[in-house]
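What follows is the residue order along each chain.
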Amino acid sequence: MKQLLKSYGVMMIGQSPYTKLQQCSALLAMVLITFLAAALGSLGSLNAPEFYRQLVLPSWAPPGWLFGPAWTLLYTLMALAAWLVWRSDRLAVTGRALLFYGIQLVLNALWSWLFFAWYLGAAALAEIVLLWLAILVTLLLFKRHSTLAAVLLLPYLAWVSFATMLTWSIWQLNPTVL
């Protein structure tokens, strides 16, 4: 079992170059950093439920209530993936992957502001394409350190792929609003 886990980049607690206390602290830090980005993005989407209801939506658009639970799960998986990468080796080795993780977190938070606060449909679309690319690069960099970390980012990449199509469609259906 240990060999199978190791083949996917999963290390047991004692195998990391960090102490148990450092690993627990880092997990907490990754969760806090990730959810701080989520909170900053949510500030930009305070009017999102009302605004979303007023938009002309494609028939395949999910109901507004689905976004909160979906993003909570995705942010949790993202934080866990970042932690797995961090604990896989010294920061000098994992730093580039974690830098891209931070970049995509900033882009993630920015999208809500562009779309829901500033009503900039074209900018939101361009930005979400950049976000998608940043997630892909992050995933590929994470895979170098932990296959499991990369796998944990796959639902996020899939959701942002869907969100990109949804952004484009909503922008096209609401040209006077966005």
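Structural notes, computed from the coordinates. (Residues numbered from 1 in each chain as written. Predicted model: local features only at pLDDT ≥ 70, side-chain atom pairs only at ≥ 80, totals over all residues. Heavy atoms only, no water.)

### Details of the overall build of the protein
Then step 1. Looking only at helices and strands, one finds seven helices and zero strands in the protein.
Then step 2. What you see in the protein, going N to C, is helices and strands ordered as α-α-α-α-α-α-α.
Then step 3. Its C-alpha atoms put the protein at 55 × 25 × 25 Å along the principal axes.
Then step 4. Counting only contacts in the protein whose residues sit at least 6 apart along the sequence, the fraction spanning at least 24 positions is 77%. (Helix = DSSP H or I, 4+ residues; strand = E, 2+ residues; numbered from the N terminus. Contact = heavy atoms within 4.5 Å.)

### Description of the packing of helix H2 (residues 20-44) against helix H4 (residues 67-88)
Then step 1. Viewed as axis vectors pointing N to C, H2 and H4 meet at an angle of 140°, and their least axial separation amounts to 9 Å. As the angle between them shows, H2 and H4 are arranged oblique. Between H2 and H4 lies a crossing whose hand is right-handed. Where H2 approaches H4, its residues Gln-22, Gln-23, Ala-26, Leu-27, Met-30, Val-31, Thr-34, Phe-35 and Ala-38 are matched on the opposing element by Thr-72, Tyr-75, Thr-76, Met-78, Ala-79, Ala-82, Trp-83, Trp-86 and Arg-87. (Axes fitted to C-alpha atoms, helices over the stretch in contact; angles between N-to-C directions. Parallel < 35°, antiparallel > 145°, perpendicular 65-115°, else oblique. Left-handed = near helix turned anticlockwise from the far one by under 90°.)

### So, the packing of H4 against helix H7 (residues 147-173)
Then step 1. At their nearest, the axes of H4 and H7 sit 8 Å apart, and the two run at 145° to each other. By crossing handedness, the relation of H4 to H7 is classed as left-handed. In this structure, H4 contributes Phe-67, Ala-70, Trp-71, Leu-74, Leu-77, Met-78, Leu-80, Ala-81, Leu-84 and Val-85 to the contact, and H7 contributes Leu-148, Ala-149, Leu-152, Leu-153, Pro-155, Tyr-156, Trp-159, Val-160 and Leu-166.
Then step 2. Among the residues forming the contact of H4 with H7, the class breakdown is 19 nonpolar, no polar and no charged. (Nonpolar A, V, L, I, M, F, W, Y, C, P; charged D, E, K, R; others polar.)

### A word on helix H5 (residues 91-117)
Then step 1. Between the first and last C-alpha of H5 there are 36 Å, a value that for 27 residues agrees with the 39 Å anticipated at 1.5 Å per step.
Then step 2. Maximal helix bending in H5 amounts to about 30°, located at Ala-97. (Expected span 1.5 Å × (residues − 1). Bend = angle between axes of the 7 residues up to and from the residue.)

### As for the nonpolar core
Then step 1. Residues Phe-115, Phe-142 and Tyr-156 are the most contacted members of the largest nonpolar core, which totals 53 residues.
Then step 2. Counting only elements with at least two residues in this core, the list comes to H2, helix H3 (48-54), H4, H5, helix H6 (121-143) and H7.
Then step 3. Take this core: its biggest share by element is 13 residues, from H4.
Then step 4. Not counting residues within four places of it along the chain, the set of residues in contact with Phe-142 comprises Ala-81, Ala-82, Val-85, Ala-97, Leu-98, Tyr-101, Ala-149, Ala-150 and Leu-153. (Core = buried A, V, L, I, M, F, W, Y, C linked by side-chain atoms within 4.5 Å. Buried < 20%, exposed > 50% of the residue type's maximum accessible area, 1.4 Å probe, protein only.)

### Focus on the environment of Phe-142
Then step 1. Within the fold, Phe-142 resides in helix H6.
Then step 2. With a relative accessible area of 0%, Phe-142 lands in the buried category.
Then step 3. Placed eleven residues apart in sequence, Phe-142 and Leu-153 show a C-alpha to C-alpha distance of 9.0 Å.

### Things to note about unusual backbone geometry
Then step 1. Positive phi values are uncommon outside glycine, yet Tyr-119 reaches one of about 55°.
Then step 2. In this structure Tyr-119 comes out as partly exposed when scored by relative accessible area, which is 32%.

### Here we look at the packing of aromatic side chains
Then step 1. This structure, assessed with the given rule, holds 17 aromatic pairs.
Then step 2. Considering the side-chain rings of Trp-60 and Phe-162, the 5.6 Å spacing of their centres and the 70° angle between planes classify their relative orientation as edge-to-face. Here the residue Trp-60 occupies a position in the loop between H3 and H4, and Phe-162 occupies one in helix H7, the gap between them amounting to 102 residues.
Then step 3. Its relative accessible area of 39% is what places Trp-60 among the partly exposed residues. (Phe/Tyr/Trp six-rings, centres within 6.5 Å; stacked < 30°, edge-to-face > 60°.)

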